Amino acid sequence: MLQLLEEIRTCVLCPLPHGHRPVMAAHLKSKIVIIGQAPGRKVHESGVPWDDKSGDNLRKWLGVTHEQFYDPTLFAILPMGFCYPGTGKSGDLPPRPECAPQWHSKVLDQLKETELTLLIGQYAQEYYLQKSEQSLTETVKNYEAYLPNYFVLPHPSPRNNIWMKKNPWFGDEVLPALKNRISAAIP
């Protein structure tokens, strides 16, 4: 695993406007895998996954402490794109398409103690669920259909506060179920 992580950390597979700085974490004993989109500018600068407001929201959703979240024996963090893709007209660009096919299966094949994989946002859900017709809202509303292997979530960005207000069932039904699954998977 250590050799694979080093290969990922030195990856220069794709062209990037802000340089290469793969941000991820994993351990052979990781219990939960978090697959999101790609690091934002702040995370690119710090090199710490989910080191922003989205990460604060995600940790609240999961009901875990900062220390638990950053313990790789508990959480593996594998974004769809390991590096910051840059900014577009309405926010960050989509994750680079090279990362997941190149690295995900190599990492996931080594994680033998994983109990749950979180698919956060449309990019992870489209890739892993190979869905094309359901909206993100429909997918998240039907989260139970993807259990026990996957737990689907919207992106925890503060930009999605409007979505959460329009979909109160998420906080009422999905988040309590998520916290229960997380607490069952980690000590």
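Before any of the text, the structure's been laid out above.
This is a predicted model, so every value here is computed, not measured.

Draft legend 1. Summary view of the overall build of the chain. Along the chain, the regular secondary structure elements total 9 helices and 6 strands. Whereas a compact globule of 187 residues would reach a radius of gyration of roughly 16 Å, the chain reaches 16 Å, a difference of no more than 12%. By its C-alpha atoms, the chain is 40 × 40 × 30 Å across when sized along the principal axes. A burial count over the chain gives 47% of its 187 residues as buried. Partitioning the contacts of the chain with sequence separation of at least 6, the portion at a separation of at least 24 is 72%.

Draft legend 2. Quick look at the nonpolar core. Ile34, Leu62, Leu118 and Ile182 are the most contacted members of the largest nonpolar core, which has 52 residues in total. If you tally residues by element for this core, the top one is helix H9 (residues 169–185), at 8 residues.

Draft legend 3. Structural context of the sheet that holds strand S6 (residues 150–153). Strand order in the open sheet formed by 4 strands is S2-S1-S5-S6, and the pairing between neighbours is parallel. Looking at which strands have only one partner, the edges of the open sheet turn out to be strand S2 (75–77) and S6. For this sheet the average axis-to-axis angle between neighbouring strands, irrespective of direction, equals 20°. With 4 bridges joining them, strand S5 (residues 116–120) and S6 adopt parallel strand pairing. Bridge assignment links Leu119 to a residue of S6, and that residue is Val152. Each of strand S1 (32–35), S2, S5 and S6 touches H9; the most contacted strand, S6, lies at about 145° to it.

Draft legend 4. Structural context of the side chain of Gln125. Along the chain, the position of Gln125 falls in helix H6 (residues 121–129). Engagement of the side chain of Gln125 in a polar contact is seen with the backbone oxygen of Leu153, the distance being 2.8 Å. Discounting chain neighbours no more than four positions away, the residues touching Gln125 are Leu119, Ile120, Gln130, Lys131, Leu136, Thr139, Val140, Val152 and Leu153.

Draft legend 5. The arrangement of the pattern of salt bridges in detail. Here the structure, examined in full by the defined rule, presents 3 salt bridges. Notably, a salt bridge pairs Lys31 with Glu113, separated by 2.8 Å at the nearest N-O pair. Of the two residues, Lys31 is situated in the loop between helix H1 (2–9) and S1 and Glu113 in the loop between helix H5 (99–108) and S5; the sequence distance between them amounts to 82 residues. In this structure Lys31 comes out as buried when scored by relative accessible area, which is 18%. One salt bridge in this structure joins Arg96 and Glu98, with 2.7 Å as the shortest N-O distance. The class for Arg96 is partly exposed, based on a relative accessible area of 26%.

Draft legend 6. Local environment of the packing of H1 against H5. The contact between H1 and H5 brings their axes to 11 Å, and the two run at 160°. Taken together, H1 and H5 sit at an angle that is classed as roughly antiparallel. You can see that H1 and H5 cross each other, and the crossing is left-handed. Each of Leu4, Glu7 and Ile8 in H1 lies in contact with H5, whose residues at this interface are Trp103, Lys106 and Val107. Class assignment for the residues of the contact of H1 with H5 results in 4 nonpolar, no polar and 2 charged.

Draft legend 7. How the structure looks around helix H3 (residues 53–62). Taken as a whole, H3 has its buried residues at Ser54, Gly55, Leu58, Arg59, Trp61 and Leu62. Each buried residue of H3 sits inside an arc of 160° when the element is viewed along its axis, so together they form one side. Those residues of H3 that are exposed and aimed more than 90 degrees away from the buried face are Lys53 and Lys60. With a side-chain oxygen lying 3.3 Å from the backbone nitrogen of Ser54, the N-terminal cap of H3 falls on Asp52. Directly beyond the C-terminal end of H3, a positive phi value near 75° is found at Gly63.

Rules of the game
- Residues numbered from 1 in each chain as written.
- Predicted model: local features only at pLDDT ≥ 70, side-chain atom pairs only at ≥ 80, totals over all residues.
- Heavy atoms only, no water.
- Helix = DSSP H or I, 4+ residues; strand = E, 2+ residues; numbered from the N terminus.
- Rg over C-alpha atoms; globule rule 2.2 N^0.38 Å.
- Buried < 20%, exposed > 50% of the residue type's maximum accessible area, 1.4 Å probe, protein only.
- Contact = heavy atoms within 4.5 Å.
- Core = buried A, V, L, I, M, F, W, Y, C linked by side-chain atoms within 4.5 Å.
- Pairing = 2+ DSSP bridges.
- Axes fitted to C-alpha atoms, helices over the stretch in contact; angles between N-to-C directions.
- Polar contact = N/O pair within 3.5 Å; in protein donor to acceptor, adjacent residues only side chain to side chain.
- Salt bridge = Lys/Arg side-chain N within 4 Å of Asp/Glu carboxyl O.
- Parallel < 35°, antiparallel > 145°, perpendicular 65-115°, else oblique.
- Left-handed = near helix turned anticlockwise from the far one by under 90°.
- Nonpolar A, V, L, I, M, F, W, Y, C, P; charged D, E, K, R; others polar.
- Arc of directions from axis to C-beta.

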